[in-house]
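The residues making up each chain are set out below.
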Amino acid sequence: MTAENPVISCKNVWKIFGPDPEAFMKTMPEGMSFEEIRAAGYIAGVKDVSIEVHKGEMLVIMGLSGSGKSTLVRCFSRLHDITGGTITVEGQDIMSLSEKELIDLRRSKMGMVFQSFGLLPHRTILENVAFPLEMRGQDKHTRRERALEVIKLVGLEGREDYFPRELSGGQQQRVGIARSLAIEPDIWFLDEPFSALDPLIRKEMQDEFLRLQQMLNKTIVFITHDFDEALRLADRIAIMKDGAVEQCDTPDQIVLHPATEYVRKFTEDIDKARVVHAGVLAQAHASGEGEPQDAGTTVHDMARMLVNDTREMIPVHRAGVSIGAMSRKAALDVLLGGDS
Amino acid sequence: MNKFTTALTAGVLALAPLSAIAADSDDPIVIPIHNWSSQIVMSNVVGQILEMNGNAVEYVTTDSQAVYESVRLGDVTLEMEVWEGAFGASFRAALEKGGIVDVGDHNAVTREDWWYPMWTKDACPGLPSWEALNDCASLFATAETGDKGRYLDGPVDWLKHGQERVEALGMDFVVVNAGSAAALWAEIGAAEADKRPIVVFNWTPNFAEAVWPGEFVEFPEWVDGCDKDPAVGPNPNALYDCGNPANGYMKKAAWDGMEAKWPSAYAILEKIDFSNPQIAEMAKLVDIDEMEPTEAAEVWLEANEDVWKGWLN
Amino acid sequence: MTVASTTLPTSLRSFSNAQIALACVAVALCLTIVQYLGLLPTWLHRLPEAIIPNFAAVLDAVFNFVKDDLGLLAFTRFLTEGLEWLLDFSANIFFGKRRFPNIGPVPWTAVAATAAVIGYYLGGWRLALLGGGTMVWTALIGQWEIAMQTMSVLAIAAPLAFVIGLSLGIAAWKYAWVDRVIKPVLSVLQTLPFFTYLLPAVIFFKVGPTAGAVATTIYAIPPMILMTTLGLKKVSPEVVEAGKMSGCTKAQMLRHVYIPSARTEILVGVNQVIMLSLAMVVLTAFIGMPGLGAKLLAMMGSFKLGRSFEIGVTIVLLAVMLDRMSKAWVIKLPEHFERDTPIWQKHSMLLLGLGLFIGFTLLSLVVPFLAEVGRGQDFSQGKELDNLIKAFLNIEWVKATTGFLRAFLNVQVLIPFRNFMLSIPTPAFILLVAAFALALAGRREALYALVFFSLVALSGWWDRAIITLYSVISAVSLAALIGLPIGILASRSNKWSERVLLVCDTAQTFPSFVYLIPAIMLFGITDVAVIFSILVFAMVPLTRYTIEGLRNVPEEMTEAADMSGATRLQKLWSVQLPIALPTMAVGFNQAIMFAFFMVIIAAFIGTQDLGQELQRTLAGTDLGKNFVLGICVSLMALTFDLTIMKWAADKKRMLGLQ
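The model shown is predicted, which means the values in this text are computed figures rather than measured ones.

Looking now at the overall build of chain C. A count of helical and extended segments in chain C gives 31 helices and zero strands. Here the C-alpha radius of gyration of chain C, 27 Å, is about what a compact globule of 658 residues would show, namely 26 Å. Oriented by its inertia axes, the alpha-carbon framework of chain C measures out at about 85 × 70 × 65 Å. Burial status across chain C gives 53% buried among its 658 residues. Nonlocal contacts in chain C, meaning residues at least 24 apart in sequence, comprise 80% of its contacts between residues at least 6 apart. Entry remark: accessible area of chain C is about 29,200 Å², with carbon and sulfur atoms responsible for 70%.

Structure (structure tokens):
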């Protein structure tokens, strides 16, 4: 998106599980499939993945269980050591970090939220949230203050002295979120943070999460198995299968142009009109007449206009500046599901 | 209890001549306690006497055979009851290795042998002769022993040679070994209810005499060498064809460093001397009157002042 | 499996386990028949004396070398000093032994009040009553000092076992090689008869409380290690990752993440440490540990049934109290206080406990009875109980029943069975055991059985080992005959399950040797008494696991059976029992382990087995012999343990229960 260096960049990353992954990796013939590797007694958790995450971007990694999405995000923070390839975080090769440097990196730059919250049951909410600060050796007073601040941010004021088991699932995940934010990380990993929650709570938490992100503007890697959630939150989506990335693109592009049959299956039942924005349909060199549409408007929101309007080409603006025009027919195709 | 001893100590100290020979060490004298009452009470009596003498005393429960090894090493300081029959071997072995000294005999005899409670005599009037016993063998039969009588011997490790004696004297008895003294008492207790005849291993002095009056079986009299030379005794071809000695010794023993370390206490120990009735009385206080050993010792000391007063320096 | 199959000749692989097992049985049968015909050469019946290696002498030499030449004795005696200081310290606090810090003894009323407050804090009124009541009973029955002697050792041995067990558990979890080394050692330790712990303890740590404390500690360590590793392995990976992402160093991970998260398992370990320590601290009376056990032995030695029984009750009460309190601690979770709760309210229990403690301590300065129940002030009913017990044992029908049982079991069943077992030639017996292991578990277990029992044969104690085994098998079979129906019946209702489980708990904590005297009085010094005393003990796990197995059958399955129109018996037979069987097998296994434990104690009655020889070694310094005997027991127990547990695990996997 931007020209500056990516925050996280990984090139040809492999993560293989099995008795002796390094040796296997060395002798492995080029282009071995996931099944072939499994037949050899190994599991390719991450298979030749190259991906970049940019500053302030929210990358959602989507895949079914066993697709390697959680493994990949654990490679980013070196909870797993990778078998091959390189991962750099803010320009530093994380595999070359010493134990101490790695701990420092996590203490200062990274926060992570877990599917089942990963709270420490014997500590109060306050102590859980202050845990990373405590580990970093901050004094009691400062860490209490900071923890209270984040607890307030996630809306759990007054529950500081409760224990995790005394809270509902949604509240527990708020604690998880607060803990991951306590050290003011630049990079925020969220591993299926809302999957364990009831659908209603999940929606509420997603809204809450979007609110936070607008305030904090972190670089985010978000994992989910829920395509709707991915579409709702992502700047870009990486869809994974058998350890490999099938497609990595914006939600609009994925919906409009699924790269593989696998991705297409996901998009089939999606109401594309709610995903595709005017900005994506705009053709840069085309121009149109009349009232412009904002680039961020979804086709769904333009539905009435599209049906009633008679223009061939409709101008599209972003932040008041023209970026081209979109064809009304193309937009209607999206709306009526005609182009697939 | 503490008040009592303090008062007693104070009283005695006031009376005691001030000319103590040499100062005893402040380290506690360690007195071993075993698992039968007379020894426990006697040890407590001696402990309290030594406390009156100004010594620090501590009690430790030990095995009655292993104690001689402990005395030798100085882990415990003395032993009040060395029975000839039961512990003579361990004691002599320790003496040979060195580190332990013989501090003289009590005026008491010990005896261990086949024994029966009085009601048995009603069924077998010829007792206590061993021939009479053998004639009544069938009275002592049980389901397991068939026609033969059952003799309940002590635990195998007491090495009482009951089996050998049965064979040497051609008796119609089967020897069954009890696993512990408690097992012996349990059998006598069970027999008591319906006055069933029973013959078991027993010894004196112990509490059983007071609970179940009884007698020892009279075997051919003990002759030295009966356990070593087949020619000795009525059966010229067998060992163990006599009864056990009817008057075994009961000694006091001490660690050989005791005299140097606690000279005054050692002098008292040398004088200490209990008789069979005194020992039986000590056992009775615990076994019949159900006192705790420390209480029993206090009571005994109160009642027998004339006995022990003279032992103090 | 891999070990076994690589060492076995390939030709064997083509046969199924059942075929091989059958072949073994056939060979064994032939050997036995030949033996009965009197045609078997003696060297095939029993190993000739000449080829039996003198393990005991070798071990003695090794011990002596380690003890004296390597200076282990000097080292352990050095440790003894430290341990003695600790024990003296707690002895002073608990029962006023004249040692540093010279402030004890704590008045019994203060202890009782504190126990009640702790009970209340952990589990409300019922536990408060149990805690306070136990202490009041102990004091009033006149056993305060001896109980405190026991507790003072427990107070040192249990924490020691906890610390050592925890450290070893962490090490075993962290380093695979430690785990590999520790596992077999633990198995052996758990099956080693306790007499084998005692003698080395005496030699290395001086007779008396120090040796007792060491033996107790060693005895209590294994479950702590197991529970620690189990707990640490179970910590959820997300919690671990959360810790890592919070930037924990390795030490911080352990201290702040792993150990607190494994709290439940660690506390269960603590519970087991306490229970085992208490059981052992009573048994260490055999090596001169003062306290309840020593008193019990002395009481039994002077035929005081009533007093023995009272001491038994005290031990049960203490055990139940410690058990319930530590279990309540396991499930006790921290509660939050509302904001601005005053500090005295947050710590109200601590303050109350302290207050009562100080209050009673002061009060007892004025009222001596509150400090110490003095001479003649106790409420012991020893004599009355004596008469009661004797009267019971003297009831006509009781005597008639036991008389019949004694005659019938002994003459018709037990003695013939024993003679039969003894008549089987050694190699035939080993083959039979191996066949049993093969049929039930697999080749690896069969190989172990073969090696273990051959070692027993080589030890030179074969006949005694067989007699031990005979007692165990007879007792467990009889226990199954009684325990299984009770378990099955009790499992039908909640109420009865609870009642029977409570009885099981109590029976298990009741000091085993209290049973012995009534057993003798009922059955005389015969094998029946021995088997009876083992049976009482072995029935407990059988009943318990039967109940638990049956009650844990998933409800859908019983409902499905009901809907299929099964009668109660059909349901039991074709649904509940098959599913409960693996759990019941665990109970069966434990019954065998308990029986091996108890058969050693039964030497007290009078046996001709390994236990008797073991008890005999206690009086001397025969470390080598003691060890050989202990290992024999352990090897036999291990054979059963490995085989049955493997079978239960296989079965569970087959049923998809794990």
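Following the structure, the description resumes.
The subject of this paragraph is the overall build of chain B. Looking only at helices and strands, chain B has 14 helices and ten strands in total. By the compact-globule yardstick of 20 Å for 313 residues, chain B fits well, its C-alpha radius of gyration being 22 Å. Along the first, second and third principal axes, the C-alpha set of chain B runs to 70 × 40 × 30 Å. With 313 residues in all, chain B has 55% of them scored as buried. Sequence separation of 24 or more characterises 70% of the internal contacts of chain B that already satisfy a separation of 6 or more. Accessible surface for chain B amounts to roughly 12,300 Å². Of this, 53% is attributable to carbon and sulfur atoms. For chain B, the distance from the average position of its 19 positive side-chain charges to the average position of its 51 negative side-chain charges is 1 Å.

So, on to the interface of chain C and chain B. Facing the 45 residues of chain C at the interface are 46 residues of chain B. Summed over both sides, the interface between chain C and chain B buries roughly 3,700 Å², with carbon and sulfur atoms accounting for 53% of that surface. Remark: the boundary between chain C and chain B carries five salt bridges. Between Glu144 of chain B and Arg406 of chain C there is a salt bridge whose closest N-O contact spans 3.1 Å. For the pair chain C and chain B, the interface holds eight residue pairs in polar contact (both at pLDDT 80 or more). Of all the secondary-structure elements, those providing two or more residues to the side of chain C that touches chain B are α15 (292–301), α20 (382–393), α21 (396–423), α26 (516–523) and α30 (610–618) of chain C.

Pairing of strand β9 (residues 236–241) of chain A with strand β10 (residues 244–249) of chain A involves five bridges; the strand directions are antiparallel. By the bridge assignment for β10 of chain A, Ile239 of chain A is matched with Gln247 of chain A.

A few words now on the arrangement of the chains. Among the two pairs of chains that make contact, the interface with the largest number of contacts is formed by chains B and C. One thing to see here is that chain A and chain B don't touch, and their nearest C-alpha atoms sit 45 Å from each other.

All names here are of chain C. Parsing chain C into structural domains produces domain 1 (106–140 + 302–394) and domain 2 (396–424 + 461–658). For domain 1 and domain 2, the distance between their C-alpha centroids amounts to 33 Å. Taken together, the contacts link 14 residues of domain 1 with 13 residues of domain 2. Of the roughly 1,200 Å² buried between domain 1 and domain 2 on both sides combined, carbon and sulfur atoms contribute 77%. Counting the surface domain 1 buries against domain 2, the share from its top three residues, Val316, Leu393 and Asn394, is 41%. Where domain 1 meets domain 2, there are one salt bridge. For the interface between domain 1 and domain 2, the tally reads one residue pair in polar contact (both at pLDDT 80 or more). At the level of secondary structure, the elements contributing two or more residues to the side of domain 1 that touches domain 2 comprise α16 (305–331) and α20. For the side of domain 1 that touches domain 2, the leading source of residues is α16, giving ten residues.

A separate point is the state of the cysteines. Here is the idea: a disulfide is a covalent bond, and it sits between the sulfur atoms of two cysteines. Residue and element names in this part refer to chain B. Across all of its chains, the model carries two disulfides over all chains by this definition. Across the disulfide from Cys124 sits Cys136; the S-S distance is 1.9 Å. When the S-S torsion is 75°, as for the bridge of Cys124 with Cys136, the disulfide is right-handed. A residue pair is termed long-range when its members are at least 10 positions apart, and Cys124 in the loop between α5 (118–123) and α6 (130–135) and Cys136 in the loop between α6 and β6 (149–153) qualify at twelve residues.

All right, on to the sheet that holds strand β4 (residues 100–105) of chain B then. All names here are of chain B. Ordered by their spatial adjacency, three strands build an open sheet running β3-β10-β4, and the pairing between neighbours is antiparallel. Edge strands, defined here as strands with exactly one partner in the open sheet, are β3 (78–83) and β4. The sheet shows a mean angle of 30° between the axes of neighbouring strands, taken without regard to direction. One ladder, built from four bridges, connects β4 with strand β10 (residues 250–255); its direction is antiparallel. When the sheet's bridge partners are listed, Val101 is paired in β10 with Ala254.

On to the interface of chain C and chain A. The interface of chain C with chain A comprises 24 residues on the first partner and 33 residues on the second. Between chain C and chain A lies a buried interface of about 2,400 Å² when both sides are counted; carbon and sulfur atoms form 57% of it. Considering only the side of chain C, the residues that lose the most area to chain A are Glu238, Met245 and His336 of chain C, jointly responsible for 28% of the buried surface there. Counting across the chain C and chain A interface gives one salt bridge. Of the charged contacts in the structure, one is a salt bridge between Arg74 of chain A and Glu241 of chain C, with a shortest N-O distance of 2.5 Å. Our count for the contact surface shared by chain C and chain A stands at nine residue pairs in polar contact (both at pLDDT 80 or more). Among the secondary structure elements, those contributing two or more residues to the side of chain C that touches chain A are α12 (237–245) and α13 (250–261) of chain C.

Overall, the coordinates contain 39 aromatic pairs over all chains when judged by the stated rule. Relative to Phe594 of chain C, the ring of Phe537 of chain C lies with its centre 5.4 Å away and its plane at 35°, an arrangement referred to as tilted. On the criterion of sequence distance, the pair formed by Phe537 of chain C in helix α27 (residues 527–551) and Phe594 of chain C in helix α29 (residues 568–601) is long-range, its members being 57 residues apart. Judged by relative accessible area, which is 17%, Phe594 of chain C ranks as buried. The aromatic ring of Tyr249 of chain B is capped on one face by Lys251 of chain B, whose charged end is 4.8 Å from the ring centroid. The side chain of Arg499 of chain C reaches across the aromatic face of Trp496 of chain C, ending 4.7 Å from its centre.

Right, let's talk about the domain arrangement of chain B for a bit. All names here are of chain B. If you check the domain split of chain B, you get domain 1 (26–109 + 248–311) and domain 2 (111–216). Counting residues at the interface gives eight residues for domain 1 and nine residues for domain 2. Contact between domain 1 and domain 2 buries roughly 780 Å² in total, counting both sides, with carbon and sulfur atoms accounting for 68%. Counting the surface domain 1 buries against domain 2, the share from its top three residues, Trp83, Asp287 and Ile288, is 44%.

Nonpolar side chains in soluble globular proteins tend to end up buried together. Among the nonpolar cores identified, the biggest contains 257 residues, and Trp114, Phe173, Trp185 and Phe274 of chain B together with Phe194 of chain C are the most heavily contacted of them. Those residues in contact with Phe173 of chain B that sit more than four places away from it in its chain are Trp114, Leu133, Asn134, Ala137, Phe140, Lys148, Gly149, Arg150, Tyr151, Val166 and Val199 of chain B. Counting 62 residues, the second-largest nonpolar core is a separate cluster that includes Val129, Leu156, Phe266 and Ile314 of chain A.

Before going further, it helps to examine the confidence of the model for chain B. Residue and element names in this part refer to chain B. Overall, the prediction assigns chain B a mean pLDDT of 85, with 93% of residues at 70 or greater. Of the regions scoring below 50 in pLDDT, residues 1–5 engages in three contacts with residues more than four places distant in sequence or in other chains. The low-confidence segment residues 7–21 (pLDDT under 50) makes eight contacts with residues lying over four places distant or belonging to another chain.

The next thing to look at is the environment of Gly359 of chain C. Positionally, Gly359 of chain C belongs in helix α18 (residues 348–366). Along the primary structure Gly359 of chain C and Ala110 of chain C are separated by 249 residues, whereas in three dimensions their C-alpha atoms are 7.7 Å apart.

With that settled, consider helix α4 (residues 99–109) of chain A. Restricting attention to buried positions, one finds in α4 of chain A the residues Leu102, Ile103, Leu105, Arg106 and Arg107 of chain A. Residues of α4 of chain A that are buried sit in contact with β6 (110–113) and α6 (131–135) of chain A together with α12 and α13 of chain C.

Right, let's get into the environment of Ala56 of chain B. Residue and element names in this part refer to chain B. Within the secondary structure, Ala56 is located in the loop between α2 (37–52) and β2 (57–61). With relative accessibility at 28%, the residue Ala56 sits in the partly exposed group. Sequence separation of Ala56 and Ala178 is 122 residues, and the distance between their C-alpha atoms is 39 Å. Once residues lying within four places of it in the same chain are set aside, the contact partners of Ala56 are Asp26, Asp27, Pro28 and Ile29.

Parameters at a glance
- Residues numbered from 1 in each chain as written.
- Chains lettered and ligands numbered in written order.
- Predicted model: local features only at pLDDT ≥ 70, side-chain atom pairs only at ≥ 80, totals over all residues.
- Heavy atoms only, no water.
- Helix = DSSP H or I, 4+ residues; strand = E, 2+ residues; numbered from the N terminus.
- Rg over C-alpha atoms; globule rule 2.2 N^0.38 Å.
- Buried < 20%, exposed > 50% of the residue type's maximum accessible area, 1.4 Å probe, protein only.
- Contact = heavy atoms within 4.5 Å.
- Areas by Shrake-Rupley, 256 points an atom, 1.4 Å probe, with all protein chains shown as cover.
- Lys, Arg positive; Asp, Glu negative; His and termini not counted.
- Charge placed at Lys NZ, Arg CZ, Asp CG, Glu CD.
- Buried area = accessible area lost by both parts, 1.4 Å probe.
- Salt bridge = Lys/Arg side-chain N within 4 Å of Asp/Glu carboxyl O.
- Polar contact = N/O pair within 3.5 Å; in protein donor to acceptor, adjacent residues only side chain to side chain.
- Pairing = 2+ DSSP bridges.
- Domains from an automatic or database assignment.
- Disulfide = S-S within 2.5 Å.
- Axes fitted to C-alpha atoms, helices over the stretch in contact; angles between N-to-C directions.
- Phe/Tyr/Trp six-rings, centres within 6.5 Å; stacked < 30°, edge-to-face > 60°.
- Lys NZ or Arg CZ within 6 Å of the ring centre and 35° of its normal.
- Core = buried A, V, L, I, M, F, W, Y, C linked by side-chain atoms within 4.5 Å.
- pLDDT = per-residue confidence, 0-100.

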